[in-house]
Amino acid sequence: MVLKIFFPQCCNTADSGLLVGRWIPGHNSAVVLAVIHYPFIPGQVKKFLNELQSQTQVELIVLGSWSMPKEGQEGMDSFLKDLSTIFPQKCWLQLSREIGKTGFTCHVVQNNGKILQDPEQENGDGSSEKDQITLIHYDQRKVMLSQIHPLEEVKSDSEPSELRLVFQTVAQSQLLFSQDKYDDGPLKLTHWQSEGREASIIAELLKQVSVPVCFFLSWLLSLWHYFWSFRILNVRPVLFISSKLSTCVQSGHRALNFETAFSTKRAATHTDFMRKANIFVSFLVDIALGLLLISWLYRENRISKLANTLVPVADRVAKELQELLEWLMGAPAGLKMNRALDQVLGRFFLYHIHLWISYIHLMSPFIERILWYVGLSTCFGLTFALSILSDMVALLTFHIYCFYVYGARLYCLKIYGLSSLWRLFRGKKWNVLRQRVDSCSYDLDQLFIGTLLFTILLFLLPTTALYYLVFTLLRLVVVLFQGVIHLSVDFINSFPLFAICLRICRPYRLAEGVKFSVLCDEPGTPLHLMMEINPIKFTSVLQLYRAPTYSCYPKDSWAALCKKLFVGELIYPWKQKKNAKTD
Amino acid sequence: MGADSGPGIPAAVPWRKVLYERQPFPDNYVDSRFLEELRRNIRVRQYRYWSVVRETGLIAQQVSWVAIFLTLWYYMEQGALVPSAVLLVSMGCALLGYGLYEILGGAGVRERTRLADLQSAAIFLAFTFGFSPVLKTLTESVSTDTVYAMSAVMLLAHLVSFPYAQPSPPGSLSLNAALFGSVCLASRLPGALHTFTMLSCALLEFALWPCLLHRIREKAKWSFPWAAGLVCLGGVGGVGSLWPEGAVLLSMALLILTLLCPLLLVHLQRHKDNIHGPWDEAEIREDLSHFLN
């Protein structure tokens, strides 16, 4: 068995004293946390350790002794051996440095008084059965702050690994490190911040301020919830419309995020903390981007310029649509369409466009003012601005949506009619109970009417299909644009900015493992290894800390989407019938 | 067989043709009784020539009906026939046919009431009349060649899929194909009334006539060859009035169908060599008694 001793780097040059630490249960290894210097009273040491143990839930004990040779301190060995009788342990470690050597020697005294020395020194051959000692040096600060990944063990019931236990031990004994040399305690310790505690005034101030701010914000949030619980806002049409407007969805999502981020409870686990921090940082970035946009938008009269271009653009779109319809009403691309149906459909859609143009013109005097007020909402963040843009696009292309729905419904009707009449044509029918096609003998009149309708539908299908195709393409363009906006909103909402920054600036905070390098391997001293922390990969940071988002787009695969398009079922966004019903 | 029944096999245990028992014989052993149950041509019937000819009349008259329909359509398209007159004549024919059908049906149990018949007739007329303007403009933009090709394919499909063994009621696919073809053709006619007339005719010929013919065959057997012959004559005459060479071709085709094909069937029947045995699947035997001599 190899005895592993995890030794903090900061104690390399510490004065002689007692080693305080912990034996890792179930493994043949010890973690040294600090050195208690002479002079001390053993009773006080025991009391101090007991207090710490009750506060931190770590079994802190005196592991052994540490001797740093200095002038005028000779003959310590016997004294150090005697100490083991004061602090009775199963094993007593004796670490000692010698002048002029980088490595230090280690003796392990079992409680029966047998000395276990460095094997190479004692027995040159046949030593393989003897215990070997490996000293692993670690950076106490980094190990204390780092979080090892994956966060949960794969098998929760199995024992946590040795490395995880070491990291946990160091992280949990944070209280031990709060005592520095300026404290007037009975004991003097050496650890990573014994030269003076590390802190920042800004961070402390922020910590103090955060509590009342969180209280205030949660109060505001409760007001918001109260507002939304009004009965008038929960009736069917309002609820339906608000679930379709991306601005409303985004504000709901934001409120939910705030609830997580500004809860007055302290984040208990690492995941909670990271979630809070991620939400908070993305919120700050969002607001900053929004303010940038606002400062650009409200300068040089840009709003009115925008409003002045918006109406002609909508007009232009309507004109283009009109021309498209007129082209369709002729002989588009030399296709042979049913003239009568073509005319009827064309006129129907033209009337719609006429309605649309008059609506736009009715609106045009107010558009600038509307834009001005709506633009103010950008100060809530860039995501809000993008959501509002998406909603405005949806509202301004409502006619295209209507065309699409009419076309799709008509086409869907034809496809269904044709498929069932085709079965009739072959003398079959769909058996609902057995979910299969059965043969069936129809009456003469059924056959006659069925065939008549089949012929009519078949010859009218190309006309409807063409209208459907054109309007579906238009609709897909709009959906694509909205999809890009939603993707960017989602990106801002869910991007784990804090975790990424942490990974860049403090790579040791998110650890994925460790690597060892040999410090010195002199004969006569145990093997000295240096433990360094392997930072986690960026892709795993993204995967782990990506915030969950609302997604309002269809989760269909491409094949399912194509099938839907072919059959004429409606695609995004009114497709969530099931969800709407269960609400 | 001889090689399989090798010496040294105790004759005391008789060989049985079963697989579920272990027997003291090699796996491929069979004894002399192996092919005892083989039978040859047990179900081959010797048809009589004239009875087969009589049955082919059904096919011939169906082909002739298609010819008559095409003739009628051609005259209507040329404007040589006034649609109202054709309509009146076909209505008269329909009433006549219905009367005949009722008389031949006798006093047996009726499957349908008169009211249901009237209802069906009303549905036919109303739908055809209502849809005829739509049907008229339906194939306007489709090229004439396409329409002709589609109707030709559909009428051929009608002839191929017609249930000659059981012509009443006409099978779904055959009737639908015929109606589809006639709708295609009718949409090329000059007016909505023409379309209506054409569709009514199609209905009479392809949907109602097979029912009447079936009843004639059942109840008055002697008149069936006459009826079929009459229809064939009508078809040949109709084509002849348009295109004499076509009439010659059609009559030759009909003659081959009715005289040559049965001769071939009867002649080839001698060469039949079917083997039957206990390995055959179970077979459902149709009632072919009227083909027997």
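Conventions adopted
Residues numbered from 1 in each chain as written. Chains lettered and ligands numbered in written order. Predicted model: local features only at pLDDT ≥ 70, side-chain atom pairs only at ≥ 80, totals over all residues. Heavy atoms only, no water. Helix = DSSP H or I, 4+ residues; strand = E, 2+ residues; numbered from the N terminus. Rg over C-alpha atoms; globule rule 2.2 N^0.38 Å. Contact = heavy atoms within 4.5 Å. Areas by Shrake-Rupley, 256 points an atom, 1.4 Å probe, with all protein chains shown as cover. Buried < 20%, exposed > 50% of the residue type's maximum accessible area, 1.4 Å probe, protein only. Pairing = 2+ DSSP bridges. Buried area = accessible area lost by both parts, 1.4 Å probe. Salt bridge = Lys/Arg side-chain N within 4 Å of Asp/Glu carboxyl O. UniProt positions renumbered as here; feature names shortened; annotations may be inferred. Axes fitted to C-alpha atoms, helices over the stretch in contact; angles between N-to-C directions. Parallel < 35°, antiparallel > 145°, perpendicular 65-115°, else oblique. Nonpolar A, V, L, I, M, F, W, Y, C, P; charged D, E, K, R; others polar. Patch = residues over 30% accessible without salt bridge, like charges linked within 9 Å, V, L, I, M, F, W, Y side chains within 5 Å. Expected span 1.5 Å × (residues − 1). Phe/Tyr/Trp six-rings, centres within 6.5 Å; stacked < 30°, edge-to-face > 60°.

Trainee: Looking at this model, I keep getting lost on the overall build of chain B. Mind explaining?
Mentor: Of regular secondary structure, chain B possesses eight helices and two strands. The order of helices and strands in chain B, counted from the N terminus, is β-α-α-α-α-α-α-α-α-β. Relative to the compact-globule value of 19 Å for 293 residues, chain B shows a C-alpha radius of gyration of 28 Å, a clear excess of over 25%. Taken over the C-alpha atoms alone, chain B extends approximately 95 × 45 × 40 Å along its principal axes. Taking contacts inside chain B between residues at least 6 apart in sequence as the whole, the part at least 24 apart equals 77%. Element-wise, carbon and sulfur atoms account for 67% of the exposed surface of chain B, whose accessible area totals about 17,300 Å².

Trainee: Which parts of the structure should I look at to understand the overall build of chain A?
Mentor: A tally of regular secondary structure across chain A gives 18 helices and 14 strands. Looking at the 583 residues of chain A, the share that counts as buried comes to 44%. Across chain A, every contact between residues at least 6 apart in sequence was considered, and the portion connecting residues at least 24 apart equals 71%. As displayed, chain A has an accessible area near 32,600 Å², and 62% of this comes from carbon and sulfur atoms.

Trainee: How should the pairing of strand 3 (residues 29-37) of chain A be read in this particular structure?
Mentor: Look at any regular strand and the pattern is simple: side chains alternate between the two faces of the sheet. All names here are of chain A. A large share of strand 3 lies buried, amounting to nine of its nine residues. As paired elements, strand 2 (residues 17-23) and strand 3 share seven bridges and run antiparallel to each other. If you follow Arg22 over to strand 3, its bridge partner there is Val31. Count of turn residues in the strand 2/strand 3 antiparallel hairpin: five residues, of which Gly26 carries a positive phi of about 85°. Strand direction decides the pairing type here: strand 3 and strand 10 (residues 189-190), joined by two bridges, are antiparallel. By the bridge assignment, Ile36 is partnered in strand 10 with Leu189.

Trainee: Please explain the interface of chain B and chain A as it appears in this structure.
Mentor: One widely used convention gives an interface's size as the accessible area the parts lose upon coming together. The interface is formed by 31 residues belonging to chain B together with 24 residues belonging to chain A. In total, chain B and chain A occlude about 2,400 Å² of area from one another, counting both sides; carbon and sulfur atoms represent 76% of this. If you look at where chain B meets chain A, you find one salt bridge. One salt bridge connects Glu140(B) with Arg339(A), and the closest N-O pair in it is separated by 3.6 Å.

Trainee: Sorry if this is basic, but what is going on with the UniProt feature "transmembrane region" (unreviewed entry) in chain B here?
Mentor: Residue and element names in this part refer to chain B. Within the UniProt annotation, "transmembrane region" (unreviewed entry) is assigned to residues 58-76, 82-104, 116-135, 147-165, 195-212, 224-243 and 249-268. Helix makes up 100% of residues 58-76 and strand 0%, and the two end C-alpha atoms of the span are 27 Å apart. With 95% helix and 0% strand, residues 224-243 has end C-alpha atoms that lie 28 Å from one another.

Trainee: Would you explain the packing of helix 13 (residues 398-425) of chain A against helix 17 (residues 558-567) of chain A in this entry?
Mentor: When two helices pack together, you describe them by how their axes are tilted relative to each other and by the distance separating the axes. All names here are of chain A. The contact between helix 13 and helix 17 brings their axes to 8 Å, and the two run at 85°. Our classification of the angle between helix 13 and helix 17 gives roughly perpendicular. Contacts from Tyr411, Cys412, Ile415 and Tyr416 in helix 13 reach Leu565, Phe566 and Val567 in helix 17. Looking at side-chain class alone, the contact of helix 13 with helix 17 contains seven nonpolar, no polar and no charged residues.

Trainee: Sorry if this is basic, but what is going on with the environment of His270(A) here?
Mentor: Inspection of the secondary structure puts His270(A) in helix 9 (residues 270-297). His270(A) sits 119 residues away from Leu151(A) along the chain, and the two C-alpha atoms are 8.5 Å apart.

Trainee: What should I look at first to understand the environment of Arg254(A) in this one?
Mentor: All names here are of chain A. Considering the arrangement of structural elements, one finds Arg254 in helix 8 (residues 246-261). Judged by its relative accessible area of 8%, Arg254 is buried. It is 8.8 Å that separates the C-alpha atoms of Arg254 and Phe283, two residues lying 29 residues apart in sequence. In this structure Arg254 touches Phe283, Asp286, Phe380, Thr383, Phe384 and Asn493, once residues within four positions along its chain are discounted.

Trainee: What's the story with the pattern of salt bridges in this structure? I'm lost.
Mentor: Where charged atoms from two side chains of opposite charge approach closely, those side chains can pair. Inspection of the entire model under this criterion finds ten salt bridges over all chains. Close ionic contact of Glu320(A) with Arg316(A) constitutes a salt bridge, the shortest N to O distance being 3.3 Å. Here Glu320(A) and its partner Arg316(A) are both found in helix 10 (residues 302-329), four residues apart, which amounts to about one turn of the helix. Since its relative accessible area comes to 40%, Glu320(A) is described here as partly exposed. Salt-bridge contacts for Asp273(B) lead to Arg40(B); the nearest nitrogen and oxygen are separated by 3.0 Å. With a gap of 233 residues between them, Asp273(B) in the loop between helix 8 (244-268) and strand 2 (275-276) and Arg40(B) in strand 1 (residues 39-40) connect regions that are remote in the sequence.

Trainee: Please clarify how a nonpolar patch on the surface should be interpreted in this entry.
Mentor: Residues and elements named next belong to chain A. On the surface, Phe216, Trp219, Leu220, Leu223, Tyr226, Phe227, Phe230 and Ile232 cluster together into a nonpolar patch covering about 860 Å² of accessible area. With respect to the secondary-structure elements, Phe230 resides in the loop between helix 6 (201-228) and helix 7 (236-244). Take Phe230: its relative accessible area is 35%, and that puts it in the partly exposed class.

Trainee: Could you clarify how one ought to interpret helix 13 of chain A in this entry?
Mentor: Along an α-helix, residues three or four positions apart point the same way, because every turn accommodates 3.6 residues. Taking 1.5 Å per residue, 28 residues should reach 40 Å; helix 13 of chain A reaches 40 Å between its end C-alpha atoms and fits that length. Once helix 13 of chain A ends, the next one or two residues include Gly427(A), with phi positive near 80°.

Trainee: Any chance you could explain the side chain of Ser174(B) here in plain terms?
Mentor: Residue and element names in this part refer to chain B. Along the chain, Ser174 turns up in helix 5 (residues 172-186). Overall, the relative accessible area of 1% leaves Ser174 in the buried class. Sequence-distant contacts of Ser174, defined by excluding residues within four places in its chain, comprise His158, Ser161, Phe162 and Pro163.

Trainee: For this particular structure, what's the right way to read the pairing of strand 8 (residues 132-138) of chain A?
Mentor: Residues and elements named next belong to chain A. Most of strand 8 sits out of view: six of its seven residues are buried. When strand 8 meets strand 14 (residues 527-535), the two strands line up parallel, connected through four bridges. Across the sheet, the residue bridging to Leu135 is His528, located in strand 14.

Trainee: Honestly, the environment of Tyr138(A) in this entry has me stumped. Any pointers?
Mentor: Residues and elements named next belong to chain A. Structurally, Tyr138 can be placed in strand 8. Separated by 63 residues in the primary sequence, Tyr138 and Ile201 have C-alpha atoms spaced 28 Å apart. Ignoring anything within four residues of it in the chain, the contact list for Tyr138 reads Phe6, Phe7, Pro8, Gln9, Val31, Val32, Leu33, Val143, Val170 and Met531.

Trainee: I'm lost on helix 9 of chain A in this one. Help?
Mentor: Over its 28 residues, helix 9 of chain A extends 40 Å from the first C-alpha to the last, a length consistent with the 40 Å expected when each residue adds 1.5 Å. Along helix 9 of chain A, the residues that are buried comprise His270(A), Met274(A), Lys276(A), Ala277(A), Asn278(A), Ile279(A), Ser282(A), Phe283(A), Asp286(A), Gly290(A), Ile294(A) and Leu297(A).

Trainee: Got a minute to help me understand the packing of aromatic side chains in this structure?
Mentor: Within a pair of aromatic rings, the relevant descriptors are the distance that separates the centres and the angle that separates the planes. Residue and element names in this part refer to chain A. This model, assessed by the stated rule, comprises 36 aromatic pairs over all chains. Both rings, one in Phe349 and one in Phe403, keep their centres 4.9 Å apart while their planes meet at 70°; by these two values the pair is edge-to-face. Residue Phe349 is located in helix 11 (residues 339-376), and its partner Phe403 is located in helix 13; the two are separated by 54 residues in the primary sequence. Neither Phe349 nor Phe403 differs from the other in exposure class; each is buried. Judged by centre distance (5.8 Å) and plane angle (25°), the ring pair of Phe349 and Tyr467 falls under stacked. Pair noted here: Phe349 is in helix 11 and Tyr467 is in helix 14 (residues 444-494), with a separation of 118 residues, a long-range link. Summarising the burial analysis for this pair, Phe349 and Tyr467 share the class buried.

Trainee: Quick question: what am I supposed to make of the UniProt feature "transmembrane region" (unreviewed entry) in chain A here?
Mentor: All names here are of chain A. According to UniProt, the feature "transmembrane region" (unreviewed entry) maps to residues 209-228, 279-298, 344-363, 370-397, 403-425, 446-470 and 476-502 in the numbering used here. Taken end to end, residues 370-397 comprises 79% helix and 0% strand; its first and last C-alpha atoms sit 17 Å apart. The annotated region residues 403-425 carries 100% helix and 0% strand content, and the separation between its end C-alpha atoms amounts to 32 Å.

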